[in-house]
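# Summary of the model geometry
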Amino acid sequence: MSTRTSKRDSVCASSDNRLTSKKQRTLDDCAKILVNKFQKHYATNAKEDKLWVKAFSLIAEEYKGIENVIYPGCYIHVTPSFVFPKVVYVDSFRGKKNFMKSFYENETVLNELVYKHSTESRAIVYHQNDYSGNFSEPELSFDMLISLSAGAISKDCQKYLKKGGILFANNDHGDASIASTLKNLELVGAISGNRYCELENEAGVKFLSDRQQLERSFVLKKSGKRISFDQAIQNSKVGRSSWPCKLISPSKEVLGYIFKKVK
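The following refers to the structure shown. Everything numeric in this text was worked out from a predicted model, so none of it was measured. Within any chain, residue numbers begin from 1 and follow the written order of that chain's sequence. Selection of residues for local features in this predicted model requires a pLDDT of at least 70, selection of side-chain atom pairs for listing and counting requires 80 or more, and totals for whole chains, interfaces and linings are taken over all residues. Heavy atoms from the whole structure form the basis of all side-chain values; hydrogens and water molecules are not counted.

### What to know about the overall build of the protein chain
Stated precisely, the cut-off is as follows: What counts as a helix is a DSSP run of H or I of at least four residues, what counts as a strand is a run of E of at least two, and both are numbered from the N terminus. Relative accessible area decides the class of each residue, using a 1.4 Å probe on protein chains only: under 20% of the type maximum gives buried, over 50% gives exposed, and in between gives partly exposed. Residue contacts are counted whenever heavy atoms from the two residues lie within 4.5 Å of one another. For the area figures, the Shrake-Rupley method with a 1.4 Å probe applies, and any residue is considered shielded solely by the protein chains shown.
When helices and strands are counted, the protein chain shows 10 helices and 8 strands. When the 263 residues of the protein chain are sorted by exposure, 52% land in the buried category. Taking the contacts inside the protein chain whose residues are at least 6 apart along the sequence as the reference set, 67% of them involve residues at least 24 apart. Accessible area of the protein chain: about 12,600 Å², with a carbon and sulfur share of 46%.

### Some remarks on the pairing of strand β4 (residues 142-147)
The criterion, for reference: Strands qualify as paired when DSSP identifies two bridges or more between them.
Buried residues dominate β4, accounting for 6 of its 6 residues. Of the strand pairs in this sheet, strand β1 (residues 68-72) and β4 are connected by 2 bridges, and their pairing is parallel. Bridged to Ile70 within β4 is Leu145. Strand direction decides the pairing type here: β4 and strand β5 (residues 161-169), joined by 5 bridges, are parallel. Counterpart to Met144 in the pairing with β5 is Ile166.

### Quick look at the environment of Ile70
Relative to the helices and strands, Ile70 resides in strand β1. On the accessibility criterion, Ile70 (1% relative accessible area) is buried. The sequence separation of Ile70 and Val90 amounts to 20 residues, and the corresponding C-alpha distance is 7.7 Å. With residues near it in sequence (within four places) discarded, Ile70 still touches Val88, Val90, Phe135, Phe142, Met144, Leu145, Ile146 and Tyr160.

Here it is in structure tokens:
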């Protein structure tokens, strides 16, 4: 990391306490730095992160009543908060001078990226924890679990999902494959889209309901058999291009698969 970045993170950490007032709405230097980090990775603000806003909105329309969402391995991707009333973010990454904590506890930043663009009340909670460990959220209490490129979240965090709740998982780190092997999760749909194209273009983002076709995403190329739990775990430990257990249809055009917790 460059010296310039390190200095910026240091400013953010030292300024954290004076930026927590909800009355403060002007962007000072620290807030600008934190907002710029989101903009570098995603979009101008959560509302303009159009591809993911469209994806989350389709899920909200298809599965009514999603109010309490948990997003382990989130980094600073606060876009779900533009769509859902309450989102709990969990990540063990700290960054220089505790950058992550500064980001999520800075009301000025959250206002700039989320609150002022939403017409409804939004609640954001952040836990700086390894998602495979324990943190202070009750089990069986969430309507939706988000797993996007952060490892075996379905295995470690499904305990927080209510029966009937929704898991939205992509397969970049093999987590959708893991979820497909778990007996208490049922594949019910997917969201199409290519996140490697222009991220502000939501064209092509659609709800997919052909489960028979979607199941092919979890069939092994060599044997034609469905991927096993152990094989999915092996894939989750390396990048997609290095998967030891190749799939017939890796589905690069699928943003994420939707599973329902059935028991």
